[in-house]
Amino acid sequence: MRRLISIVILFFVFSQPVTLKAQDLLTASDLSKIQVDYLSEEEISKIKTQLQINNLTIEQAEPIALAKGMNAIEYAKLKSRLGSQPSPNLVSDKNAEESRTQEVIANNKVKDASNTKVFGSELFDNPALNFEPNLKLATPVNYVLGPGDELQVSVYGVQEFNTGVAVTPEGKVNIQYVGQIPVAGMTIEAATQKIKGAFAKIYSTVRSGQSKVGVSLSRIRTIRVTIIGSKLPGNYSVSSLATVYNALFLAGGPSINGSYRNIELLRDNKLITIVDIYKFLVNGNQSDNVGLKDNDVIRIPAYSHRVTIEGQVKRPGIFELKPGETFRELLSFASGFNEVAYTASVNVIQKTAKEYKVKDMKSAEYNSYQPLPGDVFRISEILNRFENRVKIDGAVFRPEIYSFYEGMRISDLINQADGLKEDAYSKRVTIVRLKPDLTTEIVNVDLLSALGGDTEANILLKREDQVTVYSVLDFKEDFNVTINGEIKRPGAYQFRENLTLNDLLIQAGGLTGSASKRVEVARMIKSEAIDEKNPNKAELFNLEINTSDNEQVKNFGLQPFDVINIRKMGVYEKPQMVIISGAVGYTGIYVLANKNEKVLDIVKRAGGVTSMANLEGVKIKRPIAVNQIEDLENVNMKLGKNDSIQNKLTKKLKDDLKYATIPIEWEKVVKDPNSNTNITLLAGDEIEVAFQNESVKVAGRVLLNSEIPYEKGKGFNYYINSVGGLDSKAWKKKAYIIYPNGKAAIASSFLFFKFYPKVTAGSQIVIPEKPETKKTSISEFVSIASVLVGMTGVVIAILNAKN
């Protein structure tokens, strides 16, 4: 009667909607009927305060609320109202299969290089192949539950209930309002049916089908297995979903003497199975990779039969064989012979009780020979030679290697090579023949006769013959002719038969505009005997051509090594120009009217100098040719170790010295046009007539680089003092002045008197930097002093000897 009353009360509780009171979130025992939408903001605020008092976040309180029956959707709504970001329609991932967890298992992985040659050892040293169980897969229906597993039990439909329950050490799960249900030793499928039956006894909605019960595995237990005979034997904690291969990987695989083909799985002191790893390595067969159970023992015995295979196989190494297996099976473990293996026989080194012995195993024995323990199989490489090869090259259409057969003749080989080319030399064919002692000999054949049906000439070939058919082009020398002078593309051109002068002119791009009609052809003199009376080294031909169409009136035939020179017109010069700038009437570009045009002539053509001209500032800037700059760069200053100064000067010449300055003394030019200062102009010259400048520029090692107004009668020191004087690095005795026309003058001295050049308007005073001098160090002073002392002693000794 009491049980019936309890059932009625529980049904009433499950069927009535309730609201949550703030103080009941952590203390209430049943939260399955909570409806968050009906909670006021005040109640939400109280829940937040309650969580803060208990130092809990909303995420930390989630498992507590769900364990008390709160619906996951309702809890998501509560999170949203408390300020959390998850969507209110998000269902807790407790029900999701991918949320399944596993206790973190820490096993020390060992890596041992001692077994690297043993076939299969690489399987356990590869971190990408650890055989760990995939926790995201669906729960296997045959999975057997045990203490440590955790189930997720969900009721959905008319009634909703969700809880996670762990399997106790006694093998039971304790579900609120349902009671304890024994599940240990049951499969997940059987445990699900049992839990559903227990719910159906209590809840009518489950019995009627209005509510459904779901059971899933949310946490997997850890089991302990023992591994002996491995590289790192011991007890290991592994997942209850783990397999034999996973455990072997953790233990580093078999030890140096461990077997890879007779691994025993023991359970409750009984042999469950024998694991052969070669099944997986050779065929990918995982039938031996069985699941483990708690307290299983994996025993790796010592191997009984290992052999070695080396040489020309695809996977050489040390292999373990079982009784009855033959060399053919060993060869399949090694993936077979490689492409260059000698397969007719295999060399086997066997062990006797006292010594080694050698066996030559023929291919017919591969399927029957059972290797003995310790056998070493050596697979050699095929010989680098051919049993039926002949080769032909040269003037045939398909020079290549061909197969040789008995009775094969020279004509047969040429036919196989698709015949002779048009340039084939038919009088002789050379055959390089291999003699029995592997030396070679030359055999010559008249090819024309051999192909014409002469049986004697059409000799039989032998294996390894190398036939060479020569080309007439091989005997032909390459000749050139050379053309120079007023031609667009001068140079050497290949001589061909019947080449004429007109042909060569066209090949060389034709004549330039400055070409004259005169052409000289020099031809080499050929003679069997030396003619002492003839001093000529070449025969000369003087011809005339039509410059308008590059054609010769009478075509002249050329011969090898002819040298043709196209002469230039006697008068053919393009107008040359100069530039004039500065204080003249008309600045700009002027053409040199004659070869002897001088500075005065151009200035007059430019309208003469203006009233603003500084007559002491006339100069010419003349471009320096590239070869002149290179000649200056190659000048050795003989500065000894001061290579940096040499490099600076060379760089200065290369970067800055693009023209030379020629000073002009204008007053002399005006008075005497025949004066040597009225120089003849060259193409590219630039005449500069400076404007009047009533200042003097001071630069270099002074306190202030500046321009000072010119004052007549003032000297060198006045302008230096006007810019603040010299700095500490100034080299005054090497000071110089640059005048407006480009001339320069340097300071000089006589006895104790110093003389500075005259300063004029528009000039520039330059104070150079004093070069650094190396100070004598204390050690050098000591060395000098010791030398002087020594010399003094020698002098005194000489004087005493004279006395």
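Residues numbered from 1 in each chain as written. Predicted model: local features only at pLDDT ≥ 70, side-chain atom pairs only at ≥ 80, totals over all residues. Heavy atoms only, no water.

**Brief notes about the overall build of the protein**
Consideration 1: Broken down by element type, the protein carries 18 helices and 39 strands.
Consideration 2: Of the roughly 47800 Å² of accessible surface on the protein, a fraction of 53% belongs to carbon and sulfur atoms. (Helix = DSSP H or I, 4+ residues; strand = E, 2+ residues; numbered from the N terminus. Areas by Shrake-Rupley, 256 points an atom, 1.4 Å probe, with all protein chains shown as cover.)

**Details of the sheet that holds strand S9 (residues 263-267)**
Consideration 1: If you walk across this open sheet you meet the five strands as S8-S7-S11-S9-S10, and the pairing is mixed. Among the strands making up the open sheet, the edge pair consists of strand S8 (234-239) and strand S10 (270-275). Each neighbouring strand pair of the sheet contributes to a mean axis angle of 25°, computed without reference to strand direction.
Consideration 2: Of the strand pairs in this sheet, strand S7 (residues 222-228) and strand S11 (residues 297-299) are connected by three bridges, and their pairing is parallel. Directly across from isoleucine 227, in S11, lies its bridge partner isoleucine 298. (Pairing = 2+ DSSP bridges. Axes fitted to C-alpha atoms, helices over the stretch in contact; angles between N-to-C directions.)

**Some thoughts on the pattern of salt bridges**
Consideration 1: The full count for this structure, using the stated rule, is 23 salt bridges.
Consideration 2: As a salt-bridge pair, arginine 267 and aspartate 296 come within 2.8 Å of each other at their nearest N and O atoms. Of the two residues, arginine 267 is situated in strand S9 and aspartate 296 in the loop between helix H8 (277-283) and S11; the sequence distance between them amounts to 29 residues. With respect to class, arginine 267 is no different from aspartate 296; both count as buried.
Consideration 3: When salt bridges that share partners are traced, they join Arg261, Asp276, Lys322 and Glu325 into one network. (Salt bridge = Lys/Arg side-chain N within 4 Å of Asp/Glu carboxyl O. Buried < 20%, exposed > 50% of the residue type's maximum accessible area, 1.4 Å probe, protein only.)

**Structural notes on a nonpolar patch on the surface**
Consideration 1: Residues Met577, Ile579, Ile589 and Val591 make up a contiguous nonpolar surface patch of about 350 Å² in total accessible area.
Consideration 2: Listed by contribution, the elements that provide at least two residues to the nonpolar patch are strand S28 (577-582) and strand S29 (588-591).
Consideration 3: Counting through the fold element by element, methionine 577 comes out in strand S28. (Patch = residues over 30% accessible without salt bridge, like charges linked within 9 Å, V, L, I, M, F, W, Y side chains within 5 Å.)

**Examining the side chain of asparagine 565**
Consideration 1: Tracing the backbone shows asparagine 565 in strand S27 (residues 563-568).
Consideration 2: Assessed through its relative accessible area of 19%, asparagine 565 is described here as buried.
Consideration 3: Dropping the residues within four chain positions of it, asparagine 565 is found in contact with Asn484, Arg518, Val519 and Glu520. (Contact = heavy atoms within 4.5 Å.)

**Some thoughts on the sheet that holds strand S21 (residues 466-471)**
Consideration 1: Strand order in the open sheet formed by five strands is S18-S17-S21-S19-S20, with mixed pairing between adjacent strands. On the outer flanks of this sheet lie strand S18 (400-403) and strand S20 (440-445), each paired with one strand and no other. This sheet shows a mean twist of 25° between the axes of neighbouring strands, independent of strand direction.

**Observations regarding the confidence of the model for the protein**
Fine structural detail should not be taken from predicted coordinates in areas where pLDDT scores are low.
Consideration 1: Residue-level pLDDT values for the protein average 81, and 83% of them are 70 or greater.
Consideration 2: Highest mean pLDDT in the protein belongs to S11 (95); lowest belongs to helix H1 (residues 2-15) (38).
Consideration 3: For the stretch residues 1-23, pLDDT sits under 50, and the model shows 30 contacts to residues farther than four places along the chain or on other chains.
Consideration 4: Counted against residues more than four places away or in other chains, residues 84-98, with its pLDDT under 50, gives 29 contacts. (pLDDT = per-residue confidence, 0-100.)

**Some thoughts on unusual backbone geometry**
Consideration 1: Positive phi values are uncommon outside glycine, yet aspartate 418 reaches one of about 65°.
Consideration 2: Turning to its location among the elements, aspartate 418 is positioned in the loop between helix H10 (410-416) and strand S19 (424-434).
Consideration 3: Even without being glycine, glutamate 464 reaches a positive phi, approximately 75°.
Consideration 4: Residue glutamate 464 is classed as buried on the basis of its relative accessible area of 13%.

**Comments concerning the pairing of S21**
Consideration 1: By the alternation rule, side chains of S21 split into Val467, Val469 and Ser471, which are all buried, and Gln466, Thr468 and Tyr470, of which none is buried.
Consideration 2: One ladder, built from four bridges, connects strand S17 (residues 389-394) with S21; its direction is parallel. Across the sheet, residue glycine 394 finds its bridge partner in S21, namely valine 469.
Consideration 3: Pairing geometry for S19 and S21, over five bridges, is antiparallel. Looking at the pairing, threonine 430 lines up with threonine 468 of S21.

**Comments concerning the pairing of S28**
Consideration 1: The pairing of S28 with S29 spans four bridges and is antiparallel. Its bridge partner being in S29, methionine 577 is matched across the sheet by valine 591.
Consideration 2: In this structure, the hairpin formed by S28 and S29 is closed by a connection of five residues.
Consideration 3: Here S28 pairs with strand S32 (residues 686-691) via four bridges, running parallel. Its bridge partner lying in S32, glycine 582 is registered against valine 689.

**As for the packing of aromatic side chains**
Consideration 1: For the structure on display, the rule yields 15 aromatic pairs.
Consideration 2: A centroid spacing of 5.0 Å and a plane angle of 75° characterise the contact between tyrosine 425 and phenylalanine 475, whose relative ring orientation is edge-to-face. Taken together, the residues tyrosine 425 in strand S19 and phenylalanine 475 in the loop between S21 and strand S22 (480-485) connect sequence positions 50 residues apart.
Consideration 3: Ring plane angle 55° and centroid distance 5.3 Å describe the contact between phenylalanine 541 and phenylalanine 556, whose orientation is recorded as tilted. One end of the pair, phenylalanine 541, is in strand S25 (residues 538-546); the other, phenylalanine 556, is in the loop between strand S26 (551-552) and S27, with 15 residues separating them in the sequence.
Consideration 4: A relative accessible area of 13% places phenylalanine 556 in the buried class.
Consideration 5: Three or more aromatic residues link up through ring pairs in this structure, and these residues are Phe327, Phe337, Tyr366, Tyr369 and Phe377. (Phe/Tyr/Trp six-rings, centres within 6.5 Å; stacked < 30°, edge-to-face > 60°.)

**Notes on helix H5 (residues 188-202)**
Consideration 1: The terminal C-alpha atoms of H5 lie 22 Å apart, and with 15 residues this matches the ideal 21 Å at 1.5 Å per residue to within 8%.
Consideration 2: Of all the residues in H5, the buried ones are Ile188, Ala191, Thr192, Ile195, Ala198, Phe199, Ala200 and Ile202. (Expected span 1.5 Å × (residues − 1).)

**Quick look at the environment of threonine 187**
Consideration 1: By secondary structure assignment, the location of threonine 187 is in the loop between strand S5 (179-182) and H5.
Consideration 2: Using a relative accessible area of 25% as the deciding quantity, one classes threonine 187 as partly exposed.
Consideration 3: Separated by 42 residues in sequence, threonine 187 and leucine 145 have C-alpha atoms that sit 6.0 Å apart.
Consideration 4: Apart from residues lying up to four places away in sequence, threonine 187 is in contact with Val141, Asn142, Tyr143 and Val144.

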